[in-house]
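The chain contents come next:
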Amino acid sequence: MSTQTGLKARLVAMGAPTLSILIFLGLWLAVSLGNRTVLPVFNPVLLPTPMEVVQSGIDAVRSGDLQRDILASLSRVFQGFILAAIAGVFMGVAVGTWRPLERLVEPMIEILRPIPPLAFLPMMVLWFGIGEMSKIAFITYAAFFPIFTTTLEGIKYVDPLLIRAASSLGASRADMFRHVVLPAALPAIITGLRLGFGLSFFVIVAAEFIAADSGLGYLINDARTFFMVSQMLMGAAVIGIIGFTFNVALRALEARLLRWRSVARA
Amino acid sequence: MDIASTADPVAATGDRLTKISIQGVGKVFGDNIALAKVDLDLAENSFTCLLGPSGCGKSTLLNMIAGFAKPSSGQILVDGKPVTGPGADRGVVFQEYALFPWRTALENVAFGPMLKRRGRAEQREIAMHHLAKVGLAGHEHKYPGNLSGGMKQRVAIARALANDPTVLLMDEPFGALDAQTREVLQEEMLRIWEQDRKTVVFVTHSISEAIFLADRIVVMGTRPGSVKEIVDPDLPHPRERTEREFIALERHLKHLVRAEVQKLGVI
Ligand SMILES: Nc1ncnc2c1ncn2[C@@H]1O[C@H](COP(=O)(O)OP(=O)(O)OP(=O)(O)O)[C@@H](O)[C@H]1O
Ligand SMILES: [Mg+2]
């Protein structure tokens with residue numbers, strides 16, 4: 001009985017997003033085909049059909065290019081993201097727990113933060129060359145900010161009542177950090193990591209436009225050079241699918257780590 | 001300056017030892033005098049209620065005993081030693097529960113024993129014992145987000161008790177609970193106090209709660225916050241809210257508190 005209603009609820013829950021995607025694909029197909037047959041408005045080369053995009057994906061897998069490019073981008077994203085995660089969490093915690101450091105670091109961060117990371121990409125290429133280094137450094141730089149700032153907020157705004165409760169139970173400073181501040185800040189830290197990961201993905205394409213001979217950004221840029229519109233769209237779609245998949249996985253991980261929160265909501 | 005002359009913990013309050021000695025304690029926030037010169041000795045294992053209208057400095061006084069705030073003047077001694085900060089000898093129960101939301105009921109209660117580096121099995125055993133004592137056996141593995149207000153406050157009381165403090169400080173612990181839950185918890189609080197014998201300081205707005213629980217009621221006045229009258233209800237437990245003496249005392253205290261509220265002008 002309950003599994004049946006559960007299944008039904010799940011189907012309903014999945015129905016809406018599926019419908020939304022189908023409508024999107026339908027509109028795309030209608031515009032593309034309509035332009036070719038009934039009402040020519042623009043050059044048909046400019047908007048391939050969804051099927052042609054899928055076909056170009058299949059071709060790219062056959063030649064092995066797509067796998068190579070996905071791997072190249074993911075490897076850069078992971079390396080850059082991990083460096084950013086270490087630096088961001090570590091500095092966020094340090095700055096959040098030590099006041100003098102906060103006064104020193106905060107203004108620097110506030111000056112750098114509004115500058116779009118892309119503005120530094122040419123500099124990074126200049127400093128680190130056109131190899132892997134410059135792309136990883138660029139991702140690290142971009143992903144650092146959300147991770148750092150959310151970690152810092154999480155550490156700074158721990159409920160003072162919990163601090164009081166722990167101190168009246170005899171917590172030392174070290175206990176307080178380990179058993180109150182860190183767990184209280186964990187949701188914020190995880191949110192920061194998720195944002196940082198999203199941003200890593202966001203900026204890698206741009207980095208690969210500029211200087212790369214592999215990666216999904218390269219794939220798109222290469223397609224542009226040869227005016228292969230299907231392949232350009234295919235590259236974008238692959239990025240979307242990978243980003244979506246990782247976001248779902250990270251949210252699942254978050255729900256597991258912060259079970260006490262989801263349990264409370266149920 | 002006069003520490004030496006008054007610091008003697010053996011100085012008797014009635015015929016019992018003084019556990020908490022509040023000596024000329026005042027507290028100012030900017031130019032607001034929250035508390036003016038309070039002198040009060042609380043006997044070991046006594047149950048004291050601080051009663052008074054909003055803003056008379058009840059929480060301020062309790063927080064200073066807990067060590068969360070420092071007196072602007074005077075000093076507070078616990079066991080003859082000045083309070084310099086929070087400590088495991090003084091357990092605190094807050095109106096807002098202050099449970100760690102990422103810890104289960106059991107893990108919350110085991111917090112104190114964990115800090116004392118007790119073994120896992122022992123932590124668990126202590127926590128289970130105290131959860132059972134507050135009537136929460138079977139709810140060990142729930143997170144605070146899944147507990148009702150009354151249950152949360154039971155966990156908070158168990159958490160304070162599991163640390164085995166000699167003083168228990170409670171700031172309107174039942175203030176957020178409905179009337180029925182509140183009365184049940186008052187009865188359980190008395191039972192626990194009779195078993196464990198702690199020195200309890202209990203802040204409340206409720207006159208009947210104070211009479212039901214306390215062996216000493218400190219009525220506080222406003223503008224500035226101060227002790228107005230001390231009443232020691234000498235009624236046998238369990239106290240019946242419908243008894244003649246209970247009602248008479250209730251009426252007396254109501255007059256006292258109302259006079260203080262009227263002093264404030266606005267209600
Ligand atoms: N941290 C603070 N900063 C400034 N003023 C404060 C602070 N804490 C308390 N006060 C002031 O001190 C006075 C006493 O406050 P306190 O919280 O002790 O009252 P209370 O008797 O506990 O009141 P209630 O019954 O509403 O809890 C009030 O005038 C309040 O505004
Ligand atoms: Mg108060």
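Residues numbered from 1 in each chain as written. Chains lettered and ligands numbered in written order. Predicted model: local features only at pLDDT ≥ 70, side-chain atom pairs only at ≥ 80, totals over all residues. Heavy atoms only, no water.

As annotated in an unreviewed UniProt entry, chain B carries the name ABC transporter ATP-binding protein and is attributed to Plastoroseomonas hellenica. As recorded by UniProt, the Sequence similarities (unreviewed entry) comment attached to chain B reads in full: "Belongs to the ABC transporter superfamily." (UniProt positions renumbered as here; feature names shortened; annotations may be inferred.)

An unreviewed UniProt entry lists chain A under the name ABC transporter permease, with Plastoroseomonas hellenica as the source organism. In its Subcellular location (unreviewed entry) section, UniProt records this for chain A: "Cell membrane".

K.L.:
Hey, could you run me through the interface of chain A and chain B in this one?
P.N.:
One widely used convention gives an interface's size as the accessible area the parts lose upon coming together. Taken together, the contact between chain A and chain B spans 19 residues of the former and 26 residues of the latter. On the chain A side of the interface with chain B, the three residues burying the most area are Ser-168, Leu-169 and Trp-260 of chain A, jointly 33% of the side's total. On inspection of chain A and its partner chain B, the count reaches 1 salt bridge. Measuring nitrogen to oxygen at the nearest pair gives 3.2 Å for the salt bridge that ties Arg-117 of chain B to Asp-175 of chain A. Linking chain A with chain B are 2 residue pairs in polar contact (both at pLDDT 80 or more). Taken together, the elements giving at least two residues each to the side of chain A that touches chain B come down to α7 (160-168), α8 (173-210) and α11 (259-265) of chain A. A total of 7 residues in the side of chain A that touches chain B trace back to one element, the largest contributor, which is α7 of chain A. Partitioned by chemical class, the residues of the side of chain A that touches chain B number 12 nonpolar, 4 polar and 3 charged. (Contact = heavy atoms within 4.5 Å. Buried area = accessible area lost by both parts, 1.4 Å probe. Salt bridge = Lys/Arg side-chain N within 4 Å of Asp/Glu carboxyl O. Polar contact = N/O pair within 3.5 Å; in protein donor to acceptor, adjacent residues only side chain to side chain. Helix = DSSP H or I, 4+ residues; strand = E, 2+ residues; numbered from the N terminus. Nonpolar A, V, L, I, M, F, W, Y, C, P; charged D, E, K, R; others polar.)

K.L.:
Explain the UniProt feature "domain: ABC transporter" (unreviewed entry) in chain B to me, please; I cannot follow it from the model alone.
P.N.:
The UniProt feature table records "domain: ABC transporter" (unreviewed entry) at residues 20-247 of chain B. The span residues 20-247 of chain B carries 33% helix and 27% strand; its end-to-end C-alpha distance comes to 30 Å.

K.L.:
For this particular structure, what's the right way to read the UniProt feature "transmembrane region" (unreviewed entry) in chain A?
P.N.:
Residues and elements named next belong to chain A. Feature annotation in UniProt assigns "transmembrane region" (unreviewed entry) to the following positions: residues 12-31, 77-99, 111-130, 136-155, 199-220 and 232-253. The annotated region residues 136-155 carries 100% helix and 0% strand content, and the separation between its end C-alpha atoms amounts to 27 Å. Helix makes up 77% of residues 199-220 and strand 0%, and the two end C-alpha atoms of the span are 19 Å apart.

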